Amino acid sequence: MLSIPRPRWLNGDLVAKEPMSGGQYHRRGMVVGVTKSNGADNHLKDIYPYVYYVFFLDGKFEGPLWQSQLHDA
């Protein structure tokens with residue numbers, strides 16, 4: 001039986017998106033939602049079983065985002 005790992009981030013965790021040169025991140029935000037991915041035609045759901053919804057400090061909300069699109073803030 002294959003077990004699904006826990007999400008890397010949970011609601012309230014701080015994350016960053018879009019790395020810039022020098023290791024700094026352009027956009028920081030807070031995770032406001034985590035759900036299991038369900039895109040049957042997308043091979044990434046097997047690699048990243050969760051998608052994240054993020055409210056960024058610039059006032060924009062984005063999601064669903066794959067784990068590979070986010071980093072620890």
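Notes on the structure follow. Remember, predicted model here, so these are calculated numbers, not experimental data. (Residues numbered from 1 in each chain as written. Predicted model: local features only at pLDDT ≥ 70, side-chain atom pairs only at ≥ 80, totals over all residues. Heavy atoms only, no water.)

Let us now look at the pairing of strand β3 (residues 50-56). Here is the key point about a regular strand: its side chains alternate between the two faces of the sheet. Counting buried residues in β3 gives five out of seven residues, a clear majority hidden from the surface. Here β3 pairs with strand β4 (residues 61-66) via four bridges, running antiparallel. Across the sheet, residue Val 54 finds its bridge partner in β4, namely Glu 62. Connecting β3 to the next strand, β4, in antiparallel fashion are four residues, including Gly 59 with a positive phi near 90°. (Buried < 20%, exposed > 50% of the residue type's maximum accessible area, 1.4 Å probe, protein only. Helix = DSSP H or I, 4+ residues; strand = E, 2+ residues; numbered from the N terminus. Pairing = 2+ DSSP bridges.)

A few words on the packing of aromatic side chains. According to the stated counting rule, one finds two aromatic pairs in the structure shown. When the centroid spacing of 5.4 Å and the interplanar angle of 75° are considered together, the rings of Trp 9 and Tyr 52 count as edge-to-face. A residue pair is termed long-range when its members are at least 10 positions apart, and Trp 9 in the segment before β1 (14-19) and Tyr 52 in strand β3 qualify at 43 residues. Taken individually, Trp 9 and Tyr 52 each receive the classification buried, so the pair is uniform in this respect. Ring centres of Tyr 53 and Phe 61 lie 6.2 Å apart, and the angle between their planes is 10°; this geometry places the pair in the stacked category. Judged by relative accessible area, which is 24%, Tyr 53 ranks as partly exposed. A cation sits over an aromatic face here: Arg 27 above Phe 56, 4.0 Å from the ring centre. (Phe/Tyr/Trp six-rings, centres within 6.5 Å; stacked < 30°, edge-to-face > 60°. Lys NZ or Arg CZ within 6 Å of the ring centre and 35° of its normal.)

With respect to the helices and strands, Asp 58 occurs in the loop between β3 and β4. Look at Asp 58 and you get partly exposed, because its relative accessible area is 46%. Sequence separation between Asp 58 and Arg 27 is 31 residues, and the spatial gap between their C-alpha atoms is 7.6 Å. Of the polar contacts made by the side chain of Asp 58, one reaches the side chain of Arg 27; its length is 3.1 Å. At 3.2 Å, the side chain of Asp 58 forms a polar contact with the backbone nitrogen of Lys 60. (Polar contact = N/O pair within 3.5 Å; in protein donor to acceptor, adjacent residues only side chain to side chain.)

Honestly, it's all geometry; don't read function into it.
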